[in-house]
There are 2 protein chains.
Amino acid sequence: MLSNSSKYAIKAVLFLALNASEKKKVMVKDISKPINVPQAYIAKLLQPLVKEGIVSSARGPRGGFYLDENNMNHSIMSIVNVIDGEKRLKSCLMSLKKCNEEKPCPLHNELSASRAQILNNLKSRMIKDLVKEVEAGNAFLPL
Amino acid sequence: MLSNSSKYAIKAVLFLALNASEKKKVMVKDISKPINVPQAYIAKLLQPLVKEGIVSSARGPRGGFYLDENNMNHSIMSIVNVIDGEKRLKSCLMSLKKCNEEKPCPLHNELSASRAQILNNLKSRMIKDLVKEVEAGNAFLPL
DNA sequence: AATAAAATATGATAAAAATCATATTCAAGA
DNA sequence: TCTTGAATATGATTTTTATCATATTTTATT
Ligand code: FES
Ligand code: FES
């Protein structure tokens, strides 16, 4: 479903959302340990997220990563889309060229509803929503 | 979600269910084209399926692959389990060591229900059920 | 028994994903 | 302005997955 890279990216973003701010930037080396992802790996994943405006960053001394209010308003799916590309989640379960309602593959009819639920969820849930859940004690870290 | 190999395997099994029988065995070369999978590749995938009793086969002249009544009673998930291994579908969406209800990861609460639906579906739907759907015109091939 | 047709077993190669390493650029502070 | 600390860019390596190729075994048919 999600690539390893996407999972790592989500973990990093969530970690930043919870533990960083513009006044308290966090460096990659301080991200990698708590989320249990190799430093060089997560450093690379963060770049496209910064470029797409999902994460904020600052270079140089006292630099690091963080999320501002704007960043927090991105969906989980937007993270996945940046890392894995748009089509990974949307393509036919059986890898048919065109997955549609008219000529559904044998898995489509029964699975597409559940799958759509998942996709809608990923699309409609923002980073800030996950933050709330964690802060409310309904979801848990470390990741 | 599903590996390429699993998708191919499902396609092959379904093709056999629809087009082969003990009296009318089908050779790999005649499977590979209609399901659009390289011959050597599908040949390899069929081996573990035969070994696990999901597909039947016979060697030598007039040999080939087919499904008997018994084979038809396997679930879609059993195919995936043979090809991808048990844990692929069941592991935590965030790849946490232990995915459980007590310490759910931030994606768990909202996604686990939909995910469970998919898994239950794959587990409870047998090959013969898919065959019926295709024969009834509710699902379509070629794959 | 010999032949030939098929699956089966095994391994080699190619492509993609994951991981690791390093050089470069930018910005803060001395 | 110089130094240093950080992200950023780029590329190399490793591992996994996908794909291709071939030798071996089994079995029906002659
Ligand atoms: S999931 Fe295959 S046609 Fe929709
Ligand atoms: S899916 Fe992550 S804890 Fe259940």
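For the structure itself, consult the block above.
Quick look at the structure, then. (Residues numbered from 1 in each chain as written. Chains lettered and ligands numbered in written order. Predicted model: local features only at pLDDT ≥ 70, side-chain atom pairs only at ≥ 80, totals over all residues. Heavy atoms only, no water.)

In the vicinity of DNA strand C, 25 residues are found, and the nearest of them are Tyr41 of chain A together with Met27, Lys44, Gln47 and Ser57 of chain B. Restricting attention to atoms of DNA strand C within 4 Å of the protein, one finds that 68% of them are sugar or phosphate atoms. A distance of 2.6 Å separates a phosphate oxygen of DNA strand C from a polar atom in the side chain of Ser57 of chain B. Secondary structure elements with two or more residues in the surface near DNA strand C: α1 (4-19) and α3 (39-51) of chain A together with α3 (39-51), β1 (56-58) and β2 (64-66) of chain B. A per-class count over the surface near DNA strand C returns 12 nonpolar, eight polar and five charged. (Near = heavy atom within 4 Å. Polar contact = N/O pair within 3.5 Å; in protein donor to acceptor, adjacent residues only side chain to side chain. Helix = DSSP H or I, 4+ residues; strand = E, 2+ residues; numbered from the N terminus. Nonpolar A, V, L, I, M, F, W, Y, C, P; charged D, E, K, R; others polar.)

All names here are of chain B. Between helix α1 (residues 4-19) and helix α5 (residues 76-84), the shortest axis-to-axis distance is 9 Å and the interhelical angle comes to 135°. One element, α1, and the other, α5, form an angle in the oblique class. Crossing angle aside, the handedness with which α1 passes α5 is right-handed. Residue-level inspection shows Ser5, Ser6, Ala9, Ile10 and Val13 of α1 in contact with α5, the latter providing Ile76, Ile79, Val80, Ile83 and Asp84. (Axes fitted to C-alpha atoms, helices over the stretch in contact; angles between N-to-C directions. Parallel < 35°, antiparallel > 145°, perpendicular 65-115°, else oblique. Left-handed = near helix turned anticlockwise from the far one by under 90°. Contact = heavy atoms within 4.5 Å.)

Turning to α3 of chain B, a few remarks are in order. All names here are of chain B. The terminal C-alpha atoms of α3 lie 19 Å apart, and with 13 residues this matches the ideal 18 Å at 1.5 Å per residue to within 8%. Of all the positions in α3, only Ile42, Leu45, Leu46 and Leu49 are classed as buried. For α3, the angular spread of buried residues about the axis comes to 110°, placing them on one side. Along α3, exposed side chains directed more than 90 degrees from the buried face belong to Ala40, Lys44 and Lys51. Of the surrounding secondary structure, the elements contacted by the buried residues of α3 are α1, α2 (28-35), β2 and α5. Gly53 sits one or two residues past α3 and shows a positive phi near 80°. (Expected span 1.5 Å × (residues − 1). Buried < 20%, exposed > 50% of the residue type's maximum accessible area, 1.4 Å probe, protein only. Arc of directions from axis to C-beta.)

Time to look at the interface of chain A and chain B. On the side of chain B, 38 residues touch chain A, which itself brings 38 residues to the contact. Summed over both partners, the interface of chain A with chain B comes to about 3,300 Å²; 62% of that surface belongs to carbon and sulfur atoms. Where chain A meets chain B, there are zero salt bridges. Our enumeration of links across chain A and chain B arrives at 11 residue pairs in polar contact (both at pLDDT 80 or more). Elements with a minimum of two residues in the side of chain A that touches chain B: α1, α7 (108-124) and α8 (127-135) of chain A. In terms of residue count, α7 of chain A provides more of the side of chain A that touches chain B than any other element does, nine residues in total. The class makeup of the residues in the side of chain A that touches chain B is 22 nonpolar, seven polar and nine charged. (Buried area = accessible area lost by both parts, 1.4 Å probe. Salt bridge = Lys/Arg side-chain N within 4 Å of Asp/Glu carboxyl O.)

Below, the discussion takes up the packing of aromatic side chains. Residue and element names in this part refer to chain A. Summed over all chains, the structure comprises two aromatic pairs over all chains. The interplanar angle of 80° and the centroid separation of 5.2 Å between the aromatic rings of Tyr8 and Tyr41 together place this pair among those described as edge-to-face. Of this pair, Tyr8 sits in helix α1 while Tyr41 sits in helix α3, placing them 33 residues apart in sequence. The partly exposed category is assigned to Tyr41, whose relative accessible area is 30%. (Phe/Tyr/Trp six-rings, centres within 6.5 Å; stacked < 30°, edge-to-face > 60°.)

A separate point is the pattern of salt bridges. One pass over the structure, following the stated rule, counts four salt bridges over all chains. For the salt bridge of Arg88 of chain A with Asp84 of chain A, the shortest nitrogen-to-oxygen distance reads 3.9 Å. Arg88 of chain A gets classed as partly exposed once you look at its relative accessible area, which sits at 39%. Two residues, Glu133 of chain B and Arg125 of chain B, come together in a salt bridge whose shortest N-O distance is 2.1 Å. The pair Glu133 of chain B / Arg125 of chain B is uniform in exposure class, with both members buried.

In screw terms, the move from chain A to chain B is a rotation of 180° and a rise of 0.1 Å along the axis, fitting with an RMSD of 0.1 Å. The superposition of one copy onto the other is thereby described by a two-fold rotation axis. Rotation axis and chain A: the residue whose C-alpha lies nearest the axis is Met1 of chain A, separated from it by 2.0 Å. In this assembly the copies share their binding face: 100% of the residues contributing to the interface of chain A also contribute to that of chain B. (Least-squares fit on C-alpha atoms with pLDDT ≥ 70 in both.)

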